[in-house]
Amino acid sequence: MARGKLRIYLGAAPGVGKTYAMLSEAHRRLERGTDCVVAFVEHHDRPRTEVMLHGLEQVPRRRLEYRGGTFTEMDVDAVLARHPQVALVDELAHTNVPGSRNAKRWQDVAELLAAGIDVVSTVNIQHLESLGDVVESITGVRQQETVPDEVVRRADQIELVDMSPQALRRRMAHGNVYQPDKVDAALSNYFRPGNLTALRELALLWVADRVDEYLKQYRSEHRVSKIWGSRERIVVGLTGGPEGRTLIRRAARLAEKGAGGEVLAVYIARSDGLTAASPKELAVQRTLVEDLGGTFHHVVGDDIPAALLDFARGVNATQIVLGSSRRKAWQYVFGPGVGATVARDSGPDLDVHIVTHGEAGKGRGLPVARGARLGRARIIWGWAVGLAGPAILAVVLNAVDLGLANNVLLFLALTVAAALLGGLFPALAAAAFGSFLLNYFFTPPLHRLTISDTRNIVALVIFVAVAVSVASVVDLAARRTHQAARLRAESEILSFLAGNVLRGETSLEALLERVRETFGMESAALLERESDVDPWTCVGRVGVGEPPARPEDADVDMPVGDHLALALTGRVLPAEDRRVLAAFAAQAVVVLDRRRLQQEAEQARALAEGNRIRTALLAAVSHDLRTPLAGIKASVSSLRSDDVAWSEEDRAELLEGIEAGADRLDHLVGNLLDMSRLQTGTVTPIVRETDLDEVVPMALGGVPEDSVTLDVPETLPMVRVDAGLLERAVANVVENAVKYSPDGTPVLVSASALADRVEVRVVDRGPGVPDDEKERIFEPFQRFGDAPRGAGVGLGLAVARGFTEAMGGTLNAEDTPGGGLTMVLTLRAGARPESLSVPSERQASW
């Protein structure tokens with residue numbers, strides 16, 4: 001069966017007309033004879049939308065009971081059984097009611113598509129998962145219902161339903177979106193003009209990127225190499241020279257003149273790696289182009305003009321910005337240059353801008369990487385073999401006559417050995433010295449620099465040519481081997497670095513220590529300043545000695561942007577090492593930003609938690625604490641009244657009420673104090689080995705008789721706990737279980753040993769807690785379900801978990817088989833008591 005097609009109407013905000021447009025499309029298809037049904041459409045009491053439902057077949061919805069209420073959701077089975085050609089499904093990001101076939105509506109849609117049914121749906125830009133943080137920063141509201149971007153991107157057709165913010169606000173003011181009593185609040189909060197404008201821009205940009213993807217896919221599938229100027233894309237060709245900054249800024253100004261302009265900076269390196277630009281300058285230019293909103297690209301190509309044009313056509317660029325050539329006048333004899341070649345071969349659809357700069361005509365001046373160094377020892381041995389080897393070989397061959405041909409081969413082998421050891425120059429010296437010795441000692445006439453036989457001249461010429469050729473090849477292979485080893489080491493370092501940083505395992509100091517060890521430096525420091533005129537400050541350092549006051553004072557400095565720099569002391573690094581150092585510097589900035597964001601998030605979380613606790617505490621004081629106080633006051637006032645003659649039974653009942661109210665106040669205030677101790681980190685447990693059967697029974701004093709069944713074997717090992725904290729934790733958990741247990745059904749408190757831990761289980765047969773709420777019940781001031789207001793302030797379980805974790809244990813909630821909730825306290829086991837002659841268990845009813 002062919003997969004169905006998905007069409008999505010995308011809007012920037014509620015009320016722009018997505019559902020109306022979807023229903024209009026349904027009527028058009030119905031008129032064309034298409035079998036179209038409404039699987040789920042919510043009109044939100046909007047009259048015009050409700051009218052559009054008339055004449056369309058609606059599949060009956062499925063009714064679900066949840067938390068005492070009745071809800072309706074799309075009946076996926078009914079739609080599949082009906083199997084229309086097209087199904088209308090509103091609100092793609094909707095979260096289904098628990099008990100539905102799928103958790104999300106987009107998962108329901110996926111089933112319809114898999115069954116071959118075409119689906120038309122709607123979604124707002126704020127519901128895209130990747131834009132959640134952006135939308136929250138704009139509107140201050142975190143969207144709980146989201147849909148993965150990939151689900152929307154895979155749609156066969158996306159249509160933007162657009163409306164200006166002013167028109168949407170007028171529509172809301174007329175009551176066409178929300179009920180009249182909600183309009184003023186909506187207009188002054190979420191639907192402010194600034195919010196709507198920003199959301200509209202997000203929607204337009206997202207759809208534009210999607211259209212761009214379609215265009216790239218079409219060009220690739222149809223092999224379109226001709227440039228289509230749908231929008232200005234400006235490619236900046238960089239050489240790594242200082243003029244690159246001027247070119248980037250000029251390209252940015254060109255991009256600003258056109259709507260949606262984009263800047264792409266590209267550096268093209270030779271595939272052999274023999275020539276390279278300054279890594280320091282490239283890092284600065286990368287940062288500059290990214291700060292200006294562009295992108296940086298590194299391309300490998302031996303033919304620079306061709307590679308540049310291929311890149312520009314591949315990204316559908318419309319303009320290329322190049323700098324004037326830095327070559328001197330006499331250098332043009334070797335060719336017209338990159339700029340002239342690109343301008344000649346660009347064609348009519350690609351404009352080329354040649355920008356003048358201060359470095360024009362001053363010569364290239366680019367550093368040349370000589371490849372990997374062979375090492376001083378190897379070079380010395382190469383020169384020794386290249387100079388002393390031919391002399392020793394000549395002495396040996398004078399004593400043993402092997403013939404001119406064999407002598408030439410032996411000298412050639414010696415030249416190859418010099419190339420293997422010391423590289424090209426020792427090999428050339430060996431070839432020159434060897435040819436002199438061959439001519440003088442072994443070529444007739446002997447001991448003269450003349451050659452009588454022309455064939456011997458050919459032999460010596462061939463010897464020199466072969467020696468030079470073989471030496472060059474061997475030298476190049478040796479350098480390539482060392483270069484490959486170095487690049488492999490660099491890649492391992494960068495892979496390790498990137499992995500650690502992405503996993504969040506590297507602190508700033510650890511990263512700087514890694515830099516110092518990798519490059520063998522004495523110290524490494526990350527310096528920062530607020531502006532160009534402010535002094536530098538050290539935000540992180542490792543190693544010996546004081547950090548440099550400025551990047552210029554260090555032996556090596558690697559700038560990262562305008563206000564950050566990595567400074568190293570110890571030695572001067574070669575140019576080829578700066579490439580890896582630039583990566584380290586960039587990662588150091590990432591780690592620094594992450595650390596600051598984490599600190600800000602922690603501060604914000606602490607402030608939010610404090611505000612939440614203060615609000616909940618005020619609510620608790622306003623009701624839960626005032627209720628027992630009111631009861632106590634009423635009882636005391638009654639006892640003090642002279643108008644009524646109270647009997648002994650009445651007086652006893654009033655005194656009992658006063659005592660119960662005081663006990664409740666004592667319990668509530670105790671929980672509040674315990675929670676404050678936990679929040680401030682002042683809980684210091686005194687951990688000792690303790691028997692459970694000495695602590696747990698003491699914790700049951702505050703519950704009614706016959707409400708708890710205790711099952712704690714005496715053969716259990718001792719536990720390492722603070723007896724007071726454990727008693728308080730167990731008491732809170734048991735009281736909570738008794739509160740929710742049905743009348744006449746006791747709570748079971750049992751204990752068992754598992755390996756090196758002991759588990760205490762508090763089992764009740766109450767209504768239980770859903771899986772998604774099991775962690776929430778341990779938060780302060782949280783009361784689950786329909787707990788009565790007099791049941792407490794919602795601190796008991798939070799205090800119990802805090803005390804348990806302070807002792808090194810855990811407290812978790814599990815489902816009770818057959819219904820109910822089981823609280824599991826896991827504690828560290830101590831020594832096991834000596835075995836008793838007659839094993840016994842303690843079973844009692846409390």
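Rules used throughout
- Residues numbered from 1 in each chain as written.
- Predicted model: local features only at pLDDT ≥ 70, side-chain atom pairs only at ≥ 80, totals over all residues.
- Heavy atoms only, no water.
- Helix = DSSP H or I, 4+ residues; strand = E, 2+ residues; numbered from the N terminus.
- Buried < 20%, exposed > 50% of the residue type's maximum accessible area, 1.4 Å probe, protein only.
- Contact = heavy atoms within 4.5 Å.
- Areas by Shrake-Rupley, 256 points an atom, 1.4 Å probe, with all protein chains shown as cover.
- Expected span 1.5 Å × (residues − 1).
- Arc of directions from axis to C-beta.
- Pairing = 2+ DSSP bridges.
- Axes fitted to C-alpha atoms, helices over the stretch in contact; angles between N-to-C directions.
- Parallel < 35°, antiparallel > 145°, perpendicular 65-115°, else oblique.
- Left-handed = near helix turned anticlockwise from the far one by under 90°.
- Patch = residues over 30% accessible without salt bridge, like charges linked within 9 Å, V, L, I, M, F, W, Y side chains within 5 Å.
- Salt bridge = Lys/Arg side-chain N within 4 Å of Asp/Glu carboxyl O.
- Lys, Arg positive; Asp, Glu negative; His and termini not counted.
- Charge placed at Lys NZ, Arg CZ, Asp CG, Glu CD.
- pLDDT = per-residue confidence, 0-100.
- Phe/Tyr/Trp six-rings, centres within 6.5 Å; stacked < 30°, edge-to-face > 60°.
- Lys NZ or Arg CZ within 6 Å of the ring centre and 35° of its normal.

**So, the overall build of the protein chain**
Counting its regular elements, the protein chain contains 23 helices and 25 strands. Residue burial in the protein chain is summarised as follows: out of 846 residues, 43% are buried. A fraction of 72% describes how many contacts in the protein chain between residues 6 or more apart in sequence connect residues 24 or more apart. As displayed, the protein chain has an accessible area near 44300 Å², and 54% of this comes from carbon and sulfur atoms.

**A few points about helix α18 (residues 508-519)**
Two residues of an α-helix separated by three or four positions point the same way, owing to the 3.6 residues in each turn. For α18, which comprises 12 residues, the first-to-last C-alpha distance of 17 Å matches the rise-based estimate of 16 Å (1.5 Å per residue) to within 8%. For α18, every residue scored as buried is listed here: L508, L511, L512, V515 and F519. Buried positions in α18, seen along its axis, are confined to an arc of 100 degrees and lie on one side of it. Directly after α18, the chain includes G520, whose backbone phi takes a positive value near 65 degrees.

**Some details on the sheet that holds strand β13 (residues 351-355)**
Spatial ordering of the open sheet is given by β11-β10-β9-β12-β13, a layout of five strands whose pairing is parallel. Two strands bound the open sheet, and with one partner strand each, they are β11 (295-300) and β13. Averaged over all neighbouring strand pairs, the angle between strand axes comes to 25 degrees, with direction disregarded. As paired strands, strand β9 (residues 233-238) and strand β10 (residues 262-269) are joined by six bridges and run parallel to one another. Bridge assignment links V235 to a residue of β10, and that residue is L264. Docked against the sheet, helix α10 (residues 244-257) engages β9, β10, β12 (319-323) and β13, running at close to 175 degrees with respect to β9.

**A word on the packing of helix α14 (residues 376-399) against helix α16 (residues 424-442)**
Two packed helices can be described by the angle between their axes and the distance between those axes. One way to put it is that α14 packs onto α16 with a least axis distance of 8 Å and a crossing angle of 20 degrees. In terms of orientation, α14 lies roughly parallel with respect to α16. Between α14 and α16 lies a crossing whose hand is right-handed. Each of G382, W383, G386, L387, P390, A391, A394, L397 and N398 in α14 lies in contact with α16, whose residues at this interface are F425, P426, A429, A430, F433, G434, L437, F441 and F442.

**Describing the sheet that holds strand β17 (residues 564-569)**
With antiparallel pairing, four strands are arranged side by side in an open sheet as β15-β14-β17-β16. Looking at strand neighbours, the two that pair on one side only are β15 (537-543) and β16 (556-559), the edges of this open sheet. Here the average twist between neighbouring strands, direction ignored, is 15 degrees. By the bridge criterion, six bridges tie strand β14 (residues 523-528) to β17 in an arrangement that is antiparallel. Paired with A525 across the two strands is A567, which belongs to β17. Across the sheet, α18 lies against β14, β15 and β17, angled at about 55 degrees from β15, the strand it touches most.

**Some words on helix α15 (residues 404-422)**
Under the 1.5 Å per step criterion, the end-to-end length of α15 is 27 Å for 19 residues, consistent within 8% with the ideal 27 Å. Here α15 has its buried residues at N407, V408, F411, L412, L414, T415, A418, A419 and G422. When α15 is viewed along its axis, its buried side chains cluster within an angular range of 160 degrees and face the same direction. For α15, exposure combined with an orientation more than 90 degrees from the buried face picks out A405 and L409. G423, located one to two residues past α15, shows a positive phi value of around 95 degrees.

**Topic: a negative patch on the surface**
A contiguous patch of negative charge on the surface is contributed by E648, E649, D650, E653, E656, E659, D663 and D666. For E656, the location among the structural elements is in helix α20 (residues 648-680).

**Concerning the pairing of strand β5 (residues 69-73)**
As defined by bridge partners, strand β4 (residues 62-66) adjoins β5 across five bridges and the pair is classed as antiparallel. Note that in β5 the partner of R62 across the bridge is E73. Between β4 and β5, which follow one another and run antiparallel, lie two residues, and R67 among them has a positive phi close to 55 degrees.

**A closer look at the confidence of the model for the protein chain**
Here the protein chain averages 78 in pLDDT, while 79% of its residues score no lower than 70. Per-element averaging of pLDDT across the protein chain places strand β25 (residues 841-845) at the bottom with 38 and strand β6 (residues 86-89) at the top with 94. Segment residues 364-372 is flagged for pLDDT under 50; beyond a separation of four residues in sequence, or across chains, it makes 16 contacts in the model. With pLDDT under 50 throughout, residues 833-846 is counted as low confidence; its partners more than four residues away or in other chains account for 31 contacts.

**Regarding the packing of aromatic side chains**
The relative placement of two aromatic rings is captured by the distance of their centres and the angle of their planes. If you walk through the whole model with that rule in mind, you get four aromatic pairs. Centroid distance F411 to F442: 6.3 Å. Interplanar angle 55 degrees. Geometry classified as tilted. Highlighted residues: F411 in helix α15 and F442 in helix α16, separated in sequence by 31 residues. The buried category is assigned to F411, whose relative accessible area is 1%. The class for F442 is buried, based on a relative accessible area of 13%. With centroids separated by 6.3 Å and ring planes inclined at 55 degrees, the aromatic side chains of F441 and F442 adopt a geometry described as tilted. You can call F441 partly exposed: its relative accessible area is 24%. Feature note: the residues F411, F436, Y440, F441 and F442 constitute an aromatic cluster, connected by ring pairs. Its guanidinium or amino end placed over the ring of F40, R105 lies 3.9 Å from that ring's centre, counting from NZ or CZ.

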